[in-house]
Amino acid sequence: DTGVSQDPRHKITKRGQNVTFRCDPISEHNRLYWYRQTLGQGPEFLTYFQNEAQLEKSRLLSDRFSAERPKGSFSTLEIQRTEQGDSAMYLCASSPGLAGVHEQYFGPGTRLTVT
Amino acid sequence: AQTVTQSQPEMSVQEAETVTLSCTYDTSENNYYLFWYKQPPSRQMILVIRQEAYKQQNATENRFSVNFQKAAKSFSLKISDSQLGDTAMYFCAFWGTQGGSEKLVFGKGTKLTVNP
């Protein structure tokens, strides 16, 4: 068990470009969460999956954001037409189902800088 | 909606001393979980300690313990024998199921510095 991994760790992009981040959860964790953390703030919830089903999306997740978890394993978060306000750390977390559903384990994050 | 408030943006403590970080929350739920997460500089979020609301006994993990006051909706973290490696941002987080929404709600964090 190698923990939650995220790729890339850092991404610098120009405004208007599209970016995609990947998250690999702990194996056999059927829940996967995405959060966004801006400087000096706590993480804010974006969306989560149970297996391949996306069960909830935050109002923070504008139409430019889309997340997928096609086979119930890894997940991708895509941001289209990036804006400077999208600059943040994007965190992924996973949790086991049932009795452990409340306990989330975080990855190292992807830091996005939009210039 | 649930909210989590950490009223201490920054704190410092001398090595080997004890420090307490404060957290209050607001919810109408009766069954929920509370967590403290640690985020060292440029490193990933680590779960420090958890508390289940239906348990009256305060959780303890080695040098870390909590003071959970359910009626007051207070959940403070005590770090005993502080070590330099405890320097980090500490986030209080709430997990509940109100309205079918199962996610962590975080406070804004407390930056803790342990001085040698």
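Structure shown above.
The paragraphs below set out a description of the structure included in this document. (Residues numbered from 1 in each chain as written. Chains lettered and ligands numbered in written order. Predicted model: local features only at pLDDT ≥ 70, side-chain atom pairs only at ≥ 80, totals over all residues. Heavy atoms only, no water.)

Assigned secondary structure in chain B consists of 0 helices and 12 strands. Along the chain direction, N to C, the helices and strands of chain B fall in the order β-β-β-β-β-β-β-β-β-β-β-β. Against the globule reference of 13 Å for 116 residues, chain B gives a C-alpha radius of gyration of 14 Å, in line with a compact fold. When its C-alpha atoms are laid out on the principal axes, chain B stretches across 45 × 30 × 20 Å. Classification of the 116 residues of chain B by burial places 49% in the buried group. Sequence-distant contacts in chain B: of pairs separated by 6 or more residues, those separated by 24 or more amount to 55%. When the accessible surface of chain B is totalled, it reaches about 5800 Å², and 44% of it is carbon and sulfur. Positive and negative charge centroids in chain B, built from 11 and 10 side chains respectively, lie 3 Å apart. (Helix = DSSP H or I, 4+ residues; strand = E, 2+ residues; numbered from the N terminus. Rg over C-alpha atoms; globule rule 2.2 N^0.38 Å. Buried < 20%, exposed > 50% of the residue type's maximum accessible area, 1.4 Å probe, protein only. Contact = heavy atoms within 4.5 Å. Areas by Shrake-Rupley, 256 points an atom, 1.4 Å probe, with all protein chains shown as cover. Lys, Arg positive; Asp, Glu negative; His and termini not counted. Charge placed at Lys NZ, Arg CZ, Asp CG, Glu CD.)

All names here are of chain B. Summed over the entire model, instances satisfying the criterion amount to 2 disulfides over all chains. Here Cys23 is linked by a disulfide to Cys92, with a sulfur-sulfur distance of 2.0 Å. Here Cys23 and Cys92 share a disulfide; its torsion about the S-S bond, -70°, makes the bridge left-handed. Taken together, the positions of Cys23 in the loop between strand S3 (19-21) and strand S4 (24-26) and Cys92 in strand S10 (residues 88-95) put the pair 69 residues apart, joining distant regions of the chain. Classification of Cys92 by relative accessible area gives buried; the value is 0%. (Disulfide = S-S within 2.5 Å.)

The subject of this paragraph is the nonpolar core. Tyr25, Trp36, Phe75, Leu77 and Tyr90 of chain B are the most contacted members of the largest nonpolar core, which has 26 residues in total. Taken together, the elements giving at least two residues each to this core come down to S3, strand S5 (33-39), strand S6 (46-52), strand S8 (64-69), strand S9 (74-79), S10 and strand S12 (110-115) of chain B. The element best represented in this core is S10 of chain B, accounting for 4 residues. Residues Val4, Trp34, Leu112 and Val114 of chain A belong to the second largest nonpolar core, which totals 19 residues. (Core = buried A, V, L, I, M, F, W, Y, C linked by side-chain atoms within 4.5 Å.)

Residues and elements named next belong to chain A. Burial analysis of strand S8 (residues 75-79) places 4 of its 5 residues in the buried class, the great majority of the element. Here strand S3 (residues 19-24) pairs with S8 via 5 bridges, running antiparallel. Following the sheet pairing, Cys23 is matched in S8 by Ser75. One ladder, built from 4 bridges, connects strand S7 (residues 65-68) with S8; its direction is antiparallel. What sits directly across from Glu68, in S8, is Thr76. What sits between the antiparallel neighbours S7 and S8 is a turn of 6 residues, in which Gly72 has the positive phi angle 75°. (Pairing = 2+ DSSP bridges.)

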